[in-house]
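# What the coordinates show
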Amino acid sequence: MEVEEGDRVYKEEAPEIRDRELGREIYLTAHIHMVTPCRLSPPCKYCSVSSSIPEIRGLRDTLTDEELRNTVEKIDKRKEITSITLVGGTDVAGQDDILLNVVKSVRSITDIDITIDVGAPISMGTLEILKEEGVTAIYSSIETINSEIFKEAKPGDSLDKRVKLLHDASSLNIPVGTIIMNGLGSESDVMKSIDFMQ
């Protein structure tokens with residue numbers, strides 16, 4: 001596609017498709033960071049939150065239950081906010097108990113939609129409980145589907161576990177999402193990663 005044609009598609013066709021498929025309503029969500037610790041070691045190359053980085057240890061501690069509850073209570077009073085995204089770190093050994101406690105704590109205050117955005121793994125049993133608790137989506141950032149580039153950028157993480165989490169959640173009819181990092185690999189890698197999520 002020529003640059004001029006790409007600009008035309010972006011400026012003319014994309015807004016029409018967006019309006020037709022999604023509408024023009026705006027929905028507000030509140031992101032609450034960090035609800036689970038990141039224990040990746042070594043950390044991702046671009047990391048600013050891993051507890052394994054000595055210079056920032058303590059600066060990215062997870063919220064206490066009291067801090068979480070106070071935050072959720074403030075959000076719950078803001079009726080224009082329609083969902084909460086609980087964002088946390090990764091522990092390749094799993095953090096199911098921590099995650100369940102966080103969701104149950106939020107659920108004891110509000111019935112607002114909850115999205116989970118943490119690293120993998122999350123067991124099938126925990127995913128089933130999260131669905132029962134009203135979790136409306138699971139996000140897990142894969143950044144790239146290219147395993148070599150993933151391992152270089154995220155040496156302590158597991159692409160296979162992240163992909164499994166997305167498949168497991170999807171198999172339970174929980175909507176899933178991810179982040180694809182533009183510039184991590186070639187344009188072809190980015191397109192393959194986008195194709196993977198479709």
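These remarks concern the structure in this document. In this text, all values refer to a predicted model and were calculated from it rather than measured experimentally. (Residues numbered from 1 in each chain as written. Predicted model: local features only at pLDDT ≥ 70, side-chain atom pairs only at ≥ 80, totals over all residues. Heavy atoms only, no water.)

Along the backbone of the chain there are seven helices and five strands. Ordered by position from the N terminus, the helices and strands of the chain form the series α-β-α-β-α-β-α-β-α-α-β-α. The buried share among the 198 residues of the chain stands at 38%. Considering only intrachain contacts with a sequence separation of at least 6, the fraction spanning at least 24 residues in the chain is 70%. (Helix = DSSP H or I, 4+ residues; strand = E, 2+ residues; numbered from the N terminus. Buried < 20%, exposed > 50% of the residue type's maximum accessible area, 1.4 Å probe, protein only. Contact = heavy atoms within 4.5 Å.)

Its location among the elements puts Ser83 in strand S2 (residues 81–87). Overall, the relative accessible area of 15% leaves Ser83 in the buried class. Polar contacts involving the side chain of Ser83 include one to the side chain of Thr29, which spans 2.8 Å. (Polar contact = N/O pair within 3.5 Å; in protein donor to acceptor, adjacent residues only side chain to side chain.)

Moving on, we come to helix H7 (residues 187–197). One turn of the α-helix equals 3.6 residues, which is why residues spaced by three or four share an orientation. Those residues of H7 that sit buried are Asp189, Val190 and Ser193. When H7 is viewed along its axis, its buried side chains cluster within an angular range of 100 degrees and face the same direction. Facing away from the buried side of H7 by over 90 degrees, the exposed positions are Glu187 and Lys192. Looking at the buried positions of H7, the neighbouring elements they touch are helix H5 (147–153). (Arc of directions from axis to C-beta.)

On to the nonpolar core. In this structure, Leu86, Ile116, Leu130 and Ile138 are the most contacted members of the largest nonpolar core, which totals 28 residues. At the level of secondary structure, the elements contributing two or more residues to this core comprise strand S1 (28–32), helix H2 (65–77), S2, helix H3 (96–107), strand S3 (113–117), helix H4 (124–132), strand S4 (135–139) and helix H6 (159–171). Counting residues per element, this core draws most heavily on H3, at five residues. Beyond its immediate sequence surroundings of up to four residues, Ile138 is in contact with Ile116, Leu127, Leu130, Leu165, Leu166, Ala169, Ile174, Pro175, Val176 and Gly177. (Core = buried A, V, L, I, M, F, W, Y, C linked by side-chain atoms within 4.5 Å.)

The next thing to look at is empty space enclosed by the protein. The final tally for this structure, using the stated rule, is one cavity of 30 Å³ or more. One number sums up the size of the largest cavity: a volume of about 60 Å³. Together, Thr36, Gly89, Asp91, Gly94, Gln95, Asp96, Leu99, Val118, Gly119, Ala120, Pro121 and Ile122 line the largest cavity. Considered class by class, the residues forming the lining of the largest cavity number five nonpolar, five polar and two charged. (1 Å grid on protein atoms, 1.4 Å probe; cavity = no way out; pocket = protein on both sides within 12 Å on 5 of 7 lines; lining within 4 Å. Points joined across faces, edges and corners; volume = space filled by probe spheres on them. Nonpolar A, V, L, I, M, F, W, Y, C, P; charged D, E, K, R; others polar.)

Here we have five strands laid out as an open sheet, ordered S1-S2-S3-S4-S5, and parallel in their pairing. For this open sheet the edge positions go to S1 and strand S5 (176–177), each flanked by a neighbour on one side alone. Where S1 lies against S2, five bridges are found, and the strand directions are parallel. Looking at S2, one finds that Ala30 is bridged to Ile84. Running at roughly 170 degrees to S1, H2 makes contact with S1 and S2 of the sheet. (Pairing = 2+ DSSP bridges. Axes fitted to C-alpha atoms, helices over the stretch in contact; angles between N-to-C directions.)

Note that all results are geometric; they support no functional claim without further evidence.
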